[in-house]
Structures are given as structure tokens and as C-alpha cells.
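# Architecture and fold: a report
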Amino acid sequence: MSPGPAEHAAYLALLHRLEAQGVAFALTGSLALRLYMDALEGEPVPDCDLFLAPSPDNLQRWARLMAAEGWALAVWDVPVTPPLALEALRGRYYVRARQGALVVDGTYEHDTLDLAEAVAQARRVAGLPLLAWETLLGLKRERGSARDLLHLAQVERWRRGPSRG
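Residues numbered from 1 in each chain as written. Predicted model: local features only at pLDDT ≥ 70, side-chain atom pairs only at ≥ 80, totals over all residues. Heavy atoms only, no water.

### Some details on the nonpolar core
- Grouped together as the largest cluster of nonpolar side chains are 52 residues, with contacts concentrated most on Leu15, Leu18, Leu27, Leu50, Trp62, Met66 and Val104.
- For Leu27, the contacting residues outside a window of four places in its chain are Leu15, Ala32, Leu35, Cys48, Asp49, Leu50, Pro129, Leu130 and Leu131. (Core = buried A, V, L, I, M, F, W, Y, C linked by side-chain atoms within 4.5 Å. Buried < 20%, exposed > 50% of the residue type's maximum accessible area, 1.4 Å probe, protein only. Contact = heavy atoms within 4.5 Å.)

### Points about the side chain of Asp47
- When you line up the elements, Asp47 lands in the loop between helix H2 (29–36) and strand S2 (48–52).
- Buried and unpaired, Asp47 has no salt bridge, with Arg96 as the nearest side chain of opposite charge at 4.8 Å. (Helix = DSSP H or I, 4+ residues; strand = E, 2+ residues; numbered from the N terminus. Lys, Arg positive; Asp, Glu negative; His and termini not counted. Salt bridge = Lys/Arg side-chain N within 4 Å of Asp/Glu carboxyl O.)

### Digging into the pairing of strand S5 (residues 94–99)
- Pairing of strand S3 (residues 72–75) with S5 involves three bridges; the strand directions are antiparallel. Of the residues in S5, the one forming a bridge with Ala72 is Arg98.
- Where S5 lies against strand S6 (residues 102–107), six bridges are found, and the strand directions are antiparallel. Within S6, the position partnered with Val95 by the bridge is Gly106.
- Connecting S5 to the antiparallel partner S6 that follows it, the hairpin turn spans two residues, and Gly100 within it adopts a positive phi of roughly 60°. (Pairing = 2+ DSSP bridges.)

### Quick look at the environment of Asp105
- Of note, Asp105 is situated in strand S6.
- Sequence-wise, Asp105 and Leu131 are 26 residues apart; in three dimensions their C-alpha atoms are separated by 15 Å.
- Residue contacts for Asp105: discarding those within four places in its chain leaves Asp47, Cys48, Asp49, Leu50, Tyr94, Val95 and Arg96.

### Thoughts on the environment of Tyr11
- Among the structural elements, Tyr11 can be located in helix H1 (residues 6–20).
- Each C-alpha atom, one on Tyr11 and one on Asp47, is 8.6 Å from the other, the two residues being 36 residues apart in sequence.

### Points about the pattern of salt bridges
- Scanning the entire structure with this criterion turns up eight salt bridges.
- Across the pair Arg17 and Glu69 runs a salt bridge, and its minimum N-O distance is 2.7 Å. Of this pair, Arg17 sits in helix H1 while Glu69 sits in the loop between helix H3 (56–68) and S3, and the two are 52 residues apart along the sequence.
- For Glu19, the salt bridge goes to Arg124, with nearest N and O atoms at 2.7 Å. Highlighted residues: Glu19 in helix H1 and Arg124 in strand S7 (residues 123–125), separated in sequence by 105 residues.
- Each member of the salt-bridge network shares a partner with another, and the members are Glu134, Glu156 and Arg159.

Right, dumping it as C-alpha cells:
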């Protein structure tokens, strides 16, 4: 991966610390795509998206570690603190953590993806667990936002690049 803005380095350092503390996750979104390929070089990564293994212990561990590092946690803009009230989180899908300009979304529920399976099938890239390549691209296709479609077009150009035959 090419060097990115300071935010990328901060996210990567955080992810290594979380993994070292036993948080089970698969990195997804723009940052994962950037780690898989350099076609997004120079494009800002507005946040860090994680699919968390959905066990209560894992979600509580993630929240506790994030709060201990000074991240403000919220669910749909309502502040929360560890230990999280898990019953109140049902149907809310993710906890957002903010620290200055940095944003990490910890997703613990998903409508179309088995998160336990996604985390178990993560691929190691740059020393971190990333959502499997085809699953990542499939989610971008499914969501279909303008940014996702741009990323998919960049992936196709990257795949057809001269060094890839």
C-alpha cells in the first residue's frame, strides 16, 4: 500500500492494537479496499469500517478498549459507554467511535451477511484481517452508492492494468 494521510496510519495502528487485545474483526470499506490495491491511492478514507465478530464479549471488549483510548462512542448519535446495554443495541447495527477527525464504525449486525462467518473468512493483508475480496466487492455492488460505484470502476481498471495481463 502506498503511504496515505496521517489518518490512515492512525487507523492502522489502532487496528493492530485492537487485534493484539483480542478483538475479532474484519476490516471493510474504503480502507480495506485500499489495503488490497493501490488504485485508490490519494483518495481520502473518511472512516474506518469494521465488521465485529458478533459475540457479546467481543463487542464489549471493542467498546471498552475504544473508550479506554479516549474514543467517544455513540449509537445513532446517542452517547453510550461500556459496558454496552446489548439488548438496547438490537436492530441498531453499529456503534460509532469518534476521536477528533477519526471515525470508526463497529458493525455488529448486518442484514445480508453472517458477521461471524465474514470475520472467520477474513484474509490477512498488511498484517490485518480484511473482509474477503469478493465479499467486499459484492457489498459495494449491493449498496451501489456513487462512491461505491466509483470504487468498483477503479477496481476494474486496476484488474485490467498492464501488469495484470
